[in-house]
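Residues per chain are reported as follows:
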Amino acid sequence: MPFNQPYGVRSFYAPGHDQGPKAVPAIVGRGPSSFAAYAAAGGFRALQRLQNGETTPVAVLKQILASGLRGCGGSHLPLVKKWEAAIPHKPRYLVVNGMEGEPDTFKDYLLLRDYPQIVLEGIALACRVLHIREACLVLNSAYGECRAALQAVLNENAALFDGLDIQLVDGPEVDLYVAGEESALLNYLEGQRAEPRLKPPFPHEQGLWGKPTIINNVETLSWLPLLLVRPELFAGRHPKLVTLLGDVAEPGIYEITLGEPLPEILQRARADDLSFVEIGGISGGLIPATLTNVDYDDEALAPLGVQVGSGTLRVFNTSRDPLAEMAAAIAFFKTESCGRCTPCRVGTQELAKFAAALRDTPLSNTDLNWVHSVAHTLQQTSTCGLGRAAPAPLLTWLHHFGKKPHD
Amino acid sequence: MISLKINKQLVQAKPGQTLLQVATKQGIEIPTLCHLPGLEARSVCRICSVEVKGQSRLLPACSTVVEPNMEVETHSQKTLHARQVLLEFIIAEHGGLATLSPQVRAYAQTLGVTEARFYLQQSNTAVRNGSDYIRYQPDKCIHCDRCISACRDQRVINRANRGAAIRLTFGANDTPLAQTNCSSCGDCVAVCPSGALSEQG
Ligand code: SF4
Ligand code: SF4
Ligand code: SF4
Ligand code: FES
């Protein structure tokens with residue numbers, strides 16, 4: 001797999017740009033962690049079993065597909081769907097998405113930094129059961145510090161990774177949200193402008209260099225060794241890492257169970273002064289404290305207009321202004337739109353204008369109808385998830401914080 | 001042959017045909033803007049959006065390939081509404097209908113769109129000029145990608161920047177055409193529907 005990608009990113013910036021890499025604060029893992037326990041016990045157990053012939057790739061694949069594991073990159077779709085669609089195409093490449101472009105999200109970073117061996121064990125397991133020989137792990141360029149340890153794991157355990165070509169690839173030199181979109185990532189790896197591709201064809205049909213490709217998130221694959229060695233973790237439940245930041249006493253990465261009451265999750269980080277919380281990252285929405293008494297899973301969150309998404313929870317205290325936070329989120333999408341398709345390129349500009357005007361313009365019914373038309377068009381016709389998700393912060397704000405329109 | 005329903009009519013199609021091709025053959029007119037027969041469909045304008053039963057989103061007719069038993073609506077309320085908003089987007093991005101080419105204005109007329117409800121400021125108006133054989137006027141460009149498709153073999157043309165600052169570049173870094181693979185074939189100018197590209201005398 002040759003990689004050559006300078007143009008793929010530089011084309012997104014005007015000459016002399018001042019954009020830097022993603023800013024990474026001091027991140028700690030807190031609370032009980034299955035990853036910590038597995039690493040302390042030495043790890044590699046699942047891969048060794050496969051290597052020793054204690055089990056077969058077919059049996060392991062069955063176990064994985066039956067586990068209910070979901071994509072942890074933000075889609076939350078069952079992994080079985082992605083893999084079962086891909087298997088008949090005989091996937092050639094595995095691309096592991098370690099871009100973690102979502103702002104304020106660092107769960108993949110924690111795994112890459114603190115548990116490189118588990119990340120790579122998960123990648124190797126996926127390769128073995130899917131009969132893929134070539135894989136690449138794309139690291140956000142801000143996570144460069146993790147690279148040496150990852151490479152060391154590969155070098156020191158050559159026998160376990162025998163026959164696999166796992167490459168570590170640096171992501172874009174600057175923070176580029178859209179490059180984390182799976183088909184944009186493929187363009188990046190091919191040295192093209194890192195903008196999303198039209199689907200279909202889906203990556204599992206025509207992916208990297210036109211070959212069937214599976215793209216999975218770092219966290220998703222990191223759960224593989226654990227679900228094989230400790231199946232009880234996935235017995236009728238689904239563990240998940242969440243990034244809990246903002247106005248809390250103990251920010252960090254927590255391992256939770258999907259469906260746990262949200263107040264209990266927030267309390268672990270000691271969110272003592274809670275005014276509202278952003279659920280599901282920047283493409284999620286702001287939810288007032290009075291409505292946070294729900295279970296933390298997609299089903300219970302849906303009526304509020306938000307999702308688990310990347311598992312990001314950002315807490316805001318009473319000194320914060322939801323309107324300003326919402327406008328910042330919309331402005332983010334406006335800047336990050338790759339500009340490929342009309343609905344997103346223009347629609348995000350229109351939403352940003354609207355969000356900025358909300359501060360001093362009272363809302364009329366005409367305004368409201370227009371903004372819903374714009375939002376609907378973005379959701380219905382945008383090429384990729386960025387454009388489809390862009391209206392969410394504004395829509396949830398209107399729903400939970402907006403005043404009734406006049407006229 | 002594949003059987004599918006378009007606007008409740010049973011129709012036959014060959015495998016690999018797009019919904020646009022099949023509909024056109026049936027005499028059903030789906031408006032298009034970025035599509036041009038013979039060029040790779042990039043489906044960026046989304047004006048050709050149609051409703052397909054069982055799909056949560058509208059699909060671009062110009063690149064969606066027929067499947068057995070599809071049920072397609074080409075002129076439902078939902079599609080008409082989306083097309084109108086998209087056209088308003090294009091008009092808004094250009095500060096009005098007047099600067100758009102006659103071809104684009106004609107499209108607008110068929111949809112009954114004469115102006116946009118909001119006007120955005122077109123921020124990027126730097127004209128690429130100089131000694132080049134091709135002139136590019138960003139304020140006219142509707143980002144239909146036709147020139148990118150037309151220049152597929154040489155790959156001279158690409159997009160640069162993002163969001164509102166979007167524009168086209170020739171060569172990786174706006175290099176003079178003479179330093180790119182440009183063969184001066186003029187294909188990009190020939191396919192441009194907006195007048196953004198023109199040959200310099
Ligand atoms: S939806 Fe936005 S980010 Fe995605 S391809 Fe279209 S313009 Fe680019
Ligand atoms: S003149 Fe031909 S080769 Fe040159 S940019 Fe246009 S399409 Fe490409
Ligand atoms: S220059 Fe013309 S052909 Fe190229 S994207 Fe713009 S409008 Fe389309
Ligand atoms: S004509 Fe189909 S998307 Fe533009």
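Note that the structure is a prediction, hence the values are computed from the model and not measured.

**Section: the overall build of chain B**
On a plain count of helices and strands, chain B comes out with five helices and nine strands. Along chain B, from the amino end to the carboxyl end, the secondary structure elements read β-β-α-β-β-β-α-α-β-α-β-β-α-β. Relative to the globule expectation of 17 Å for 201 residues, the C-alpha radius of gyration of chain B, 18 Å, shows essentially globular dimensions. Overall size of chain B, expressed as C-alpha extent along the three principal axes, is 55 × 40 × 25 Å.

**Side note on the interface of chain B and chain A**
Taken together, the contacts link 37 residues of chain B with 37 residues of chain A. Both sides together, the interface formed by chain B and chain A hides about 3400 Å², and carbon and sulfur atoms give 54% of it. Viewed at the interface, chain A and chain B are joined by four salt bridges. For B:R159, the salt bridge goes to A:E195, with nearest N and O atoms at 2.7 Å. At the surface where chain B touches chain A, the tally comes to 15 residue pairs in polar contact (both at pLDDT 80 or more). Every element with two or more residues in the side of chain B that touches chain A is listed here: α2 (77-93) and β7 (157-160) of chain B.

**A short note on helix α6 (residues 107-114) of chain A**
Of all the eight residues making up α6(A), six are buried; the element is thus mostly covered by neighbouring parts of the structure. Those residues of α6(A) lying buried are A:K107, A:D108, A:Y109, A:L110, A:L111 and A:L112.

**With respect to the pattern of salt bridges**
Residues and elements named next belong to chain A. Per the counting criterion, the structure on display carries 29 salt bridges over all chains. For E54, the salt bridge is made with R45, and the minimal N-O distance between the two is 3.5 Å. Here E219 makes a salt bridge to K240, at a shortest N to O gap of 2.7 Å. With E219 in helix α10 (residues 218-229) and K240 in strand β6 (residues 239-246), this residue pair connects regions lying 21 residues apart in the sequence.

**Some words on the nonpolar core**
Membership of the largest hydrophobic core comes to 71 residues, with the highest contact counts inside it found for A:V95, A:L189, A:M326, A:L358, A:L394 and B:L33. Of all the elements, α2(B) adds the most residues to this core, at seven residues. Once you skip the residues sitting within four places of it in the chain, A:L358 turns out to touch A:L323, A:M326, A:L363, A:L394 and A:W397. Among the nonpolar cores identified, the runner-up in size contains 62 residues, and A:C72, A:A86, A:L111 and A:Y115 belong to it.

**A few points about the site of ligand 3**
Taken together, 14 residues sit near ligand 3, with B:C141, B:C144, B:C147, B:C192 and B:S194 positioned nearest. Grouping the constituent residues of the shell around ligand 3 by class yields 10 nonpolar, two polar and two charged.

**As for the domain arrangement of chain A**
You'll often see interface size given as the accessible area lost when the parts meet. Residues and elements named next belong to chain A. Domain boundaries in chain A define domain 1 (10-233), domain 2 (236-317) and domain 3 (322-400). Measuring from the centre of the C-alpha atoms in domain 2 to the corresponding centre in domain 3 gives 23 Å. In this complex, domain 2 contributes 14 residues to the contact, which on the side of domain 3 involves 11 residues. For the domain 2 face of the interface with domain 3, the top three residues by lost area are I282, S283 and L286, together amounting to 50%. The interface formed by domain 2 and domain 3 holds zero salt bridges in total. Elements supplying a minimum of two residues to the side of domain 2 that touches domain 3: β9 (285-288) and β10 (312-316).

**Quick notes on the domain arrangement of chain B**
All names here are of chain B. Under the domain assignment, chain B is made up of domain 1 (2-75), domain 2 (79-111) and domain 3 (134-199). Each of domain 1 and domain 2 has a C-alpha centre, and the two are 21 Å apart. For the pair domain 1 and domain 2, the two sides together bury roughly 960 Å², of which 69% comes from carbon and sulfur. The interface formed by domain 1 and domain 2 holds zero salt bridges in total. Applying the counting criterion to the domain 1 and domain 2 interface returns three residue pairs in polar contact (both at pLDDT 80 or more). Split into classes, the residues belonging to the side of domain 1 that touches domain 2 amount to eight nonpolar, four polar and three charged.

**Digging into the sheet that holds strand β5 (residues 213-217) of chain A**
All names here are of chain A. Across the sheet, which stays open at both edges, the four strands sit in the order β4-β3-β2-β5 with parallel pairing between neighbours. Unpaired on one side and paired on the other, β4 (165-170) and β5 mark the two borders of the sheet. Across the sheet, the mean angle separating the axes of adjacent strands is 20° when strand polarity is ignored. Two elements, strand β2 (residues 93-98) and β5, share five bridges in a ladder whose sense is parallel. Opposite N97, over in β5, you have N217 as the bridge partner. Each of β2, β3 (134-139) and β5 is contacted by α10, which is oriented at about 85° to β5, the strand it contacts most.

Thresholds applied
- Residues numbered from 1 in each chain as written.
- Chains lettered and ligands numbered in written order.
- Predicted model: local features only at pLDDT ≥ 70, side-chain atom pairs only at ≥ 80, totals over all residues.
- Heavy atoms only, no water.
- Helix = DSSP H or I, 4+ residues; strand = E, 2+ residues; numbered from the N terminus.
- Rg over C-alpha atoms; globule rule 2.2 N^0.38 Å.
- Contact = heavy atoms within 4.5 Å.
- Buried area = accessible area lost by both parts, 1.4 Å probe.
- Salt bridge = Lys/Arg side-chain N within 4 Å of Asp/Glu carboxyl O.
- Polar contact = N/O pair within 3.5 Å; in protein donor to acceptor, adjacent residues only side chain to side chain.
- Buried < 20%, exposed > 50% of the residue type's maximum accessible area, 1.4 Å probe, protein only.
- Core = buried A, V, L, I, M, F, W, Y, C linked by side-chain atoms within 4.5 Å.
- Near = heavy atom within 4 Å.
- Nonpolar A, V, L, I, M, F, W, Y, C, P; charged D, E, K, R; others polar.
- Domains from an automatic or database assignment.
- Pairing = 2+ DSSP bridges.
- Axes fitted to C-alpha atoms, helices over the stretch in contact; angles between N-to-C directions.

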